[in-house]
Protein chains: 2
Amino acid sequence: MEKNTKNKTQISELRQDLVTGDWVVIATSRAKRPEDFAAVKRAEVLEDPEKPCFFCHPEETGQEEDVLIYQDEEGDWSLRVFPNKYPAFSRGKVTKHFEEGPYFGMDGSGYHEVVVTRDHKKQIAELDVLRVAEIIDAYQDRYIDLMNKKSVNYIEIFHNHGREAGASIAHPHSQLMAIPVISPYVNLELTGADLYYKSNKKCVYCTMIEWEMEHKKRIVFENSDFLAFCPYASRASFEVWVIPKRHKPYFERTSTAEKLKLAEALQVSINKIWKALGDPAYNFYIHTSPCDGKDYSHFHWHIEILPRTSIWAGFELSTGIEISTIEPEIAAEYLRKQ
Amino acid sequence: MEKNTKNKTQISELRQDLVTGDWVVIATSRAKRPEDFAAVKRAEVLEDPEKPCFFCHPEETGQEEDVLIYQDEEGDWSLRVFPNKYPAFSRGKVTKHFEEGPYFGMDGSGYHEVVVTRDHKKQIAELDVLRVAEIIDAYQDRYIDLMNKKSVNYIEIFHNHGREAGASIAHPHSQLMAIPVISPYVNLELTGADLYYKSNKKCVYCTMIEWEMEHKKRIVFENSDFLAFCPYASRASFEVWVIPKRHKPYFERTSTAEKLKLAEALQVSINKIWKALGDPAYNFYIHTSPCDGKDYSHFHWHIEILPRTSIWAGFELSTGIEISTIEPEIAAEYLRKQ
């Protein structure tokens, strides 16, 4: 059947690349008129300082109702999670598939939420470890709530800091997207981990951890449960991975004690990057096993922190080969010193 | 054997991601000290207006000798190609492989050249078609010269326009990197094209071209030999592909007559994007069959133009799923009108 595109302006679409099988999202709830693209490109200001901050004052700025709220000792809110006002994925129980001639697509149904910490200025690099642990609690709480929803097969948790990293609101926040497909990059890692296990009878991430802990030259920080290191094949200068030292396929099963250790490893790593590079823009995200009910016991969840130390240009976009200009060993040594 | 990292500061390295098999480049000829990253990040100026432009005055600014030079009717140079002063790949005949424990890498040997048109200001959107044809001639000439060099298995030709697209020098120029590996993205396309051919006995790109020409809703421009259209699964708003209408696996075999038609299709497409978005930053690059001596008769070479209409943030970097905010059909309609 041919797709009817009428009246679809509020529904996102997932479209599949016919050649590679990869997916893209056409997020029309964020739609602009074509003639508006030229102007928007040049907007330099993150927010209007005259207006109340969306995230300091969610009620006054038309945000949707919280799906999670944590309070501090005084009973004030310390963290809240609410649906993204301009979701890339639209809440809907059923994911309809469609065709257009040779092409395939499906409704971009899912969940898109924002995790907001109270302080308008203080970013993760500056937060107490206990406040960072609260963020991780929220990731886990929302993950567990969404993982069994119909048509949710993967949950992506990520954080954008700084304009060059795509943060359009300055108030520190993370995001969570629960989506119907398993993403191409995660798929590559799942497949790679599986193949490695079949050849070597060992988790590929455990292999890396063992090597890194023995040789120490790329380690940035470690505690009893987590290792932070610059990966051998870093995609960006000063890239850092935070990974559980023991084999753990599922982020959502992290225990309360482990979460504190994770908060420490994440906060210290980001703080070191912040000091070393002078508050750079960065992204971090969690790669964990899909929640589609299959067995992923050979995967090993982890966090990847990517400072935006350079702009990916034509070569990187064309090839998928990223160029960085510092050896990960030297980057790690410099980060250790901070 | 364990790798010796001493005295390697002038040689790039390719390192393989142990999980995914993807490659990254550590380009140490562009090396900075770790403490310099913070400052560089904030540099806003593309070039010093007091100093002579590197590309207007290659001799005076220490560029290497031309590998190709075209002259105009008056005998002045109109286009020249020379090695990049800060190459991501270093000239070397042999690609040495090395190991470090579980990891694999190889020397980043290859060729990295710059294709410079004479006018300091005029970009492709503003050039005569004949001048654009000259650029394509240069791409082809350099491609043919490099394709049979030892350890060159793929040649990537690309163009960065504007700072947000990674152009560090304002003078219009393209680049060419001849590299020892086949890039992950091209590999995905080759594999996809092959699988599609096996299932459908038809080139996947020819299938798309046929559908697009029949339905016309995503066409931006066409002439006798080339089609320019917004792909069904666009990775960026206003993305345009320029593709030969007939099945052609190898860019380097483009005939003189076809090159003129290609120049027209490329120039018109870029001009329309330029008008529609108000001189946006963009990248374009050629995806063609590798030059490793294998048969790629099911592939179909093409150019992808990616306007930098949004910043890829944590979700895109984590998943490989890009989000765009305009339907390709609406983008194409708007571009047609320019």
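Computed from a predicted model, the values in this text were never measured in an experiment.

How each quantity is defined
Residues numbered from 1 in each chain as written. Chains lettered and ligands numbered in written order. Predicted model: local features only at pLDDT ≥ 70, side-chain atom pairs only at ≥ 80, totals over all residues. Helix = DSSP H or I, 4+ residues; strand = E, 2+ residues; numbered from the N terminus. Rg over C-alpha atoms; globule rule 2.2 N^0.38 Å. Buried ≥ 20, exposed ≤ 12 C-beta atoms within 10 Å, placed from the backbone. Least-squares fit on C-alpha atoms with pLDDT ≥ 70 in both. Contact = placed C-beta atoms within 7 Å. Domains from an automatic or database assignment. Nonpolar A, V, L, I, M, F, W, Y, C, P; charged D, E, K, R; others polar. Pairing = 2+ DSSP bridges. Expected span 1.5 Å × (residues − 1). Arc of directions from axis to C-beta. Axes fitted to C-alpha atoms, helices over the stretch in contact; angles between N-to-C directions. Parallel < 35°, antiparallel > 145°, perpendicular 65-115°, else oblique. Left-handed = near helix turned anticlockwise from the far one by under 90°.

Topic: the overall build of chain A
Secondary structure assignment for chain A yields seven helices and 15 strands. Computed over C-alpha atoms, the radius of gyration of chain A comes to 20 Å, within 12% of the 20 Å expected from 2.2 N^0.38 for 338 residues, which places it in the range of a compact globule. For chain A, the spread of C-alpha atoms along the principal axes amounts to about 60 × 50 × 40 Å. Scored against the burial criterion, the 338 residues of chain A give a buried share of 49%.

So, the relation of the copies chain B and chain A
Superposing the two chain copies requires a rotation about an axis and a translation along that axis. Rotating chain B by 180° about the axis while translating it 0.0 Å along that axis superimposes it on chain A, leaving an RMSD of 0.0 Å. Taken together, the rotation and translation relating the two chain copies correspond to the operation of a two-fold axis. Of the residues that chain B buries at the interface, 98% are likewise interface residues in chain A, meaning the two copies contact each other through the same surface.

Overview of the domain arrangement of chain A
Frequently, the measure chosen for interface size is the accessible area removed from exposure when the parts meet. Residues and elements named next belong to chain A. Parsing chain A into structural domains produces domain 1 (13-183) and domain 2 (185-337). Computed from C-alpha atoms alone, the centre-to-centre distance between domain 1 and domain 2 is 22 Å. Counting residues at the interface gives 28 residues for domain 1 and 27 residues for domain 2. Only α2 (129-146) and β8 (154-161) provide two or more residues apiece to the side of domain 1 that touches domain 2.

Re the interface of chain B and chain A
Contacts between the two partners involve 82 residues from chain B and, on the opposite side, 81 residues from chain A. With seven residues, the top contributor of residues to the side of chain B that touches chain A is helix α3 (residues 184-200) of chain B. The residue makeup of the side of chain B that touches chain A, split by class, is 45 nonpolar, 23 polar and 14 charged. Summarising the sheet, strand β15 (residues 322-324) of chain A and strand β2 (residues 23-26) of chain B pair through three bridges and their orientation is parallel. The residue bridging A:I323 from the neighbouring strand is B:V25, located in β2(B).

Considering helix α3 (residues 184-200) of chain A
Along an α-helix, a turn takes 3.6 residues, which lines up residues three or four apart on a common side. Counted at 1.5 Å a residue, the expected span for α3(A) with its 17 residues is 24 Å, and the 24 Å between its end C-alpha atoms agrees. Of all the residues in α3(A), the buried ones are A:Y185, A:V186, A:L190, A:G192, A:A193 and A:Y196. Buried residues in α3(A), looked at end-on, bunch into an arc of 165°, giving them a common side. Residues A:K198 and A:S199 are exposed on α3(A) and point more than 90 degrees away from its buried face. On its buried side, α3(A) packs onto β8, α4 (204-215) and β13 (282-287) of chain A together with α6 (314-319) of chain B. Trailing α3(A) by a residue or two, A:K201 shows a phi angle of about 55°, which is positive.

A closer look at the sheet that holds strand β8 (residues 154-161) of chain B
Residue and element names in this part refer to chain B. Taken together, 10 strands build an open sheet; the order of strands is β3-β4-β7-β9-β8-β13-β14-β12-β11-β10 and the sheet is antiparallel. Across the chains shown, the open sheet's two edge strands, defined by having one partner strand only, are β3 (68-71) and β10 (219-222). Neighbouring strand axes in the sheet, compared pairwise and without regard to direction, differ in orientation by 15° on average. Where strand β11 (residues 226-229) meets strand β12 (residues 240-244), four bridges bridge the pair, whose relative direction is antiparallel. Looking at β12, one finds that F229 is bridged to W241.

Observations regarding the sheet that holds strand β15 (residues 322-324) of chain B
Strand order in the open sheet formed by five strands is β5(A)-β6(A)-β1(A)-β2(A)-β15(B), and the pairing between neighbours is mixed. Strands at the two margins of the open sheet, each flanked by one partner only, are β5 (97-100) of chain A together with β15 of chain B. Mean inter-strand twist for the sheet, computed between neighbouring axes without regard to direction, equals 30°. Pairing of strand β1 (residues 13-16) of chain A with strand β2 (residues 23-26) of chain A, which is carried by four bridges, proceeds in the antiparallel orientation. For A:E13, the partnering residue across the bridge sits in β2(A) and is A:I26.

Observations regarding the environment of B:F226
Topologically, B:F226 is positioned in strand β11. Residues in contact with B:F226, not counting those within four places in the same chain, are B:V242, B:I243, B:P244, B:K245, B:K261, B:L262 and B:A265.

Structural notes on the packing of α2(A) against helix α5 (residues 256-277) of chain A
Residues and elements named next belong to chain A. Following both chains from N to C, one finds α2 and α5 inclined at 115°, their axes separated by 8 Å at the closest point. Overall, the two elements α2 and α5 adopt an arrangement that is roughly perpendicular. With respect to the hand of their crossing, α2 and α5 are arranged in right-handed fashion. The residues of α5 that touch α2, namely those facing V129, V132, A133, I136 and D137, are K259, L260, L262, A263, E264, L266 and Q267.

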